[in-house]
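Residue-level structure breakdown
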Amino acid sequence: MSTPVRVRYAPSPTGNPHIGNIRTAMFNWLFARRHGGQFIVRVEDTDQARIEEGAVEHILNGLEWLGIDWDEGPRVGGPYGPYFQSERLETYDAAAERLIASGNAYRCYCTPERVAELRKEQARNKQRQGYDSHCRDLSDSEREANEAAGLPHVVRFAMPQSGMTTLEDAIRGHVEWQNELTDDFVLIKSDGFPTYHLAVTVDDYAMQISHVLRAEEWLPSAARHVQLYRALDFPMPQFGHLPMILGSDRAKLSKRHGATSLMEYRDDGFVPDALINFMALLGWSLDGETEIMTVDTIRDNFALERVGKPAAIFDLDKLQWMNGVYIRQMGIGDLADQIVPFLETNYPEDLLPVDREYLLRIVPLVQERLKTLADAPDMLSYFFEDELQFDAESVIQRGMDTSGTVGALRRAISELSAVGEPDFEHQHLESLLRSAGTELELSGRQFFGALRTAITGRTATPPLFEMMEVMGKERVLKRLAAAAENLSAD
């Protein structure tokens, strides 16, 4: 590109970032990295009443967890700071005064009550709702009297009342609006803080933003921003409005679709690269077919031309499937390390700390079955617990009775007790126990099913003999003896 690419992610610290918000950040980051540009984080904290304590930290920590680094902004600084809008109020005031002086803005003294009543009346009359420009044409004497009386006021933009505002959007193409359908919107609120419209325009100019890539929900506001750029005589960046994200039922994305805040995905056991891959496909594609891609592949091929206009569909099942793919591609050591925090959070103290060498032997047995890291505590619990809690009757397989099952367990105990520790490996165990099952005239399903449930308390587990090898002779014999005793007691 002829001009340096500078893009920004400008979150409001009013809560934890959701998937759509982070998708916007990621698309900006990918675009910057693809073109060797700069990615800026700017905190839009002018809505003081809605700021949540700790929200900025959640946002920044979330970006760092995903591996989305920024070149300027909080924690890193930069030449165009400060990067918190609450620290840039003088800049917005100066821009507002400039607009007033040029006749492109004016002070409005209408009370909130008048504006509210105006909207009610417009609704009753089925009219388009918006400010009626009441203060736009006040005489100089009326303005002076209002100022002398110290009346509170806002600053409004004097929107052109005829003609069209047009925009060539990088994603949507040609877009246009009738000016008379946009009212004189507020630039500076009565508390002295700017609205989004003024602050974002002034800051994007001041920080030399080349491309504004943002959610489709901001498209209706683009007419206001185009007019602001013209009135301030600022060069306008290239706008691109990203497609909406809808739930699987094509309704607005919400928690019922499985869309939670970013750090909840981390806590639910999703891995960063899988989430990056999944979010990239919410509006962009490599070739219309490829689904599993490395972050490097996505970054090196990211182009606005491949961002679609239609709404993207959020599919939690697909995300879980994709996360499972990434988990299966992980090295055993890396996966074990990422599982440990989930075990530490869910297991009682008497099972901690987890023996890492033991865990490294367990992980290959369950790696294929994990969809999320959060599945691990339940899936692995029987490897660590000293005593299993389950219904003893569940050990009895179809076609077997209590005495036959107890006999089968005791035969397994006898056979396994004679095996030396070096020979307690899965191939030898399978050969030994298959022969025992044949002598007992039990099918593999019956004999091995009883052993599986006795050893794990579960009916579905990794391969039985590999699992027994990893658990070790002592633990396996203890489990079998406990199950036989419980059945005999019944």
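Just above, that's the structure.
Below, the structure is looked at part by part. (Residues numbered from 1 in each chain as written. Predicted model: local features only at pLDDT ≥ 70, side-chain atom pairs only at ≥ 80, totals over all residues. Heavy atoms only, no water.)

**Looking at the pairing of strand β4 (residues 154-157)**
Burial along β4 is two-sided: V154 and R156 facing one way and V155 and F157 facing the other are all buried. Inspection of the sheet shows strand β3 (residues 105-108) paired to β4 by 4 bridges, in the antiparallel sense. Bridge assignment links A105 to a residue of β4, and that residue is F157. (Buried < 20%, exposed > 50% of the residue type's maximum accessible area, 1.4 Å probe, protein only. Helix = DSSP H or I, 4+ residues; strand = E, 2+ residues; numbered from the N terminus. Pairing = 2+ DSSP bridges.)

**Structural notes on the pattern of salt bridges**
Opposite charge on two side chains allows them to pair when their charged atoms are near. A complete count under the given rule lists 27 salt bridges for this structure. Between E368 and R328 there is a salt bridge; the shortest N-O distance is 4.0 Å. Pair noted here: E368 is in the loop between α13 (356-366) and α14 (376-384) and R328 is in helix α11 (residues 316-329), with a separation of 40 residues, a long-range link. Exposure remark for E368: the relative accessible area of 57% places this residue in the exposed category. The class for R328 is partly exposed, based on a relative accessible area of 32%. (Salt bridge = Lys/Arg side-chain N within 4 Å of Asp/Glu carboxyl O.)

**Quick look at unusual backbone geometry**
Note that the residue after G81, namely P82, is joined by a cis bond; omega there is 0°. Mapping P82 onto the fold places it in the loop between α2 (55-66) and α3 (89-101). Following L352, the chain continues to P353 via a peptide bond in cis, the omega torsion being -5°. Looking at the element boundaries, P353 is found in the loop between α12 (332-346) and α13. Positioned with a positive phi, D233 is a non-glycine residue whose angle comes to about 60°. Along the chain, D233 falls in the loop between α7 (222-232) and β9 (238-242).

**Topic: the pairing of strand β8 (residues 211-215)**
The element β8 is extensively covered by neighbouring structure, given that 5 of its 5 residues are classed as buried. Note on the crossover from β8 through α7 to β9: the handedness is right-handed. (Right-handed = clockwise from strand over helix to strand, strands pointing away.)

**Topic: the packing of helix α15 (residues 402-417) against helix α19 (residues 473-489)**
To characterise two packed helices, one gives the angle between the axes of the helices and the distance between these axes. Look at α15 against α19: their axes get within 9 Å of each other, and the N-to-C directions meet at 155°. Taken together, the axes of α15 and α19 lie roughly antiparallel to each other. Taken as a pair, α15 and α19 cross one another with a handedness that is left-handed. Residues T402, T405, V406, L409, R410, A412, I413, L416 and S417 of α15 touch α19, and the partners they reach there are K473, V476, L477, L480, A481, A483, A484, L487 and S488. Each residue belonging to the contact of α15 with α19 can be placed in one class, and the counts come to 12 nonpolar, 4 polar and 2 charged. (Axes fitted to C-alpha atoms, helices over the stretch in contact; angles between N-to-C directions. Parallel < 35°, antiparallel > 145°, perpendicular 65-115°, else oblique. Left-handed = near helix turned anticlockwise from the far one by under 90°. Contact = heavy atoms within 4.5 Å. Nonpolar A, V, L, I, M, F, W, Y, C, P; charged D, E, K, R; others polar.)

**Overview of a negative patch on the surface**
Taken together, the side chains of E349, D350, D386 and E387 make up a negatively charged region of the molecular surface. Within the fold, E387 resides in the loop between α14 and α15. Using a relative accessible area of 60% as the deciding quantity, one classes E387 as exposed. (Patch = residues over 30% accessible without salt bridge, like charges linked within 9 Å, V, L, I, M, F, W, Y side chains within 5 Å. Areas by Shrake-Rupley, 256 points an atom, 1.4 Å probe, with all protein chains shown as cover. Lys, Arg positive; Asp, Glu negative; His and termini not counted. Charge placed at Lys NZ, Arg CZ, Asp CG, Glu CD.)

**Section: the side chain of S210**
In this structure, S210 sits in the loop between α6 (196-206) and β8. For S210, the residues in contact, after removing those within four places along its chain, are P4, V5, R6, P237 and Q238.

**Notes on the environment of R266**
Within the secondary structure, R266 is located in helix α8 (residues 262-267). Sequence-wise, R266 and L66 are 200 residues apart; in three dimensions their C-alpha atoms are separated by 9.3 Å.

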